[in-house]
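Structural characterization, general
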Amino acid sequence: ERVEKLRNILEKALASSGKEIIFVGKSVRRLPNTTLAIVPGWRGETQVMQMDLKGFAVSAGSACSSGKVTASRVLRAMGYDETAASCAIRVSIGPDTTEDEVLRFAESWSRQYRKMKARAG
C-alpha cells in the first residue's frame, strides 16, 4: 500500500506537466511499484539518458524490452503504435523509496520535459 501510494504521487506529479502523458494500465489492476509512461514526442531512450545524468535510473519501454533499441513488443501488442511505444519510460519504486525521492525525480523529470517542449516549439 505504501509503495502504491508513492506510485500514485509520482503519476500525479508527472501528469501535472502535461495532459498528453499516457500512464499505461492506469485504469486496471497493476503492479503497485511500477509506472510506465508514454510521452508523445519524447523518445524513451532520450528520457533515460537525461534522467541518468540527473542521477536517476529509469528504463525505456516495458520490462520485457529492457536493454533493446526497438519499441516494446508488449506495448505494441497492447495496441500502441511504434511511435508511441518508442516514447515510453518505466519507473520502478523500491521498498525503501521515500516520498521525497519520488518528488525529486518528478521535479527533475518535469524540468527536462519542459525543456524538450520548449525546443519542440
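Preceding this paragraph is the structure being described.
Throughout what follows, the structure given in this document is the object of discussion. (Residues numbered from 1 in each chain as written. Predicted model: local features only at pLDDT ≥ 70, side-chain atom pairs only at ≥ 80, totals over all residues. Heavy atoms only, no water.)

Turning our attention to the nonpolar core. Within the largest apolar cluster, 23 residues are counted, with the highest numbers of intra-cluster contacts made by L10, L14, F105 and W109. Those residues in contact with F105, other than ones at most four positions away along the chain, are L10, L14, M51, F56, V58 and V91. Membership of the second largest hydrophobic core comes to 8 residues, among which are V24, L75, A84 and C87. (Core = buried A, V, L, I, M, F, W, Y, C linked by side-chain atoms within 4.5 Å. Buried < 20%, exposed > 50% of the residue type's maximum accessible area, 1.4 Å probe, protein only. Contact = heavy atoms within 4.5 Å.)

To continue, consider helix α2 (residues 44-53). Taken as a whole, α2 has its buried residues at G44, Q47, Q50 and M51. Buried residues of α2 fall within an arc of 125° about the axis and therefore sit on the same side. Seen from the buried face of α2, the exposed residues on the opposite side, beyond 90 degrees, are M49, D52 and L53. G55, located one to two residues past α2, shows a positive phi value of around 95°. (Helix = DSSP H or I, 4+ residues; strand = E, 2+ residues; numbered from the N terminus. Arc of directions from axis to C-beta.)

What follows deals with the pairing of strand β4 (residues 88-92). Across the 5 residues that make up β4, a large majority, 4, are buried. Pairing between strand β2 (residues 34-38) and β4: 5 bridges, direction antiparallel. Residue pairing across strands places I38 opposite A88, the latter belonging to β4. Two strands pair when backbone bridges link them, and strand β3 (residues 59-60) and β4 are joined in this way by 2 bridges, in the antiparallel orientation. In the sheet register, S59 faces β4, and the bridge partner there is R90. (Pairing = 2+ DSSP bridges.)

Treat this as a map of the structure, not an account of what it does.
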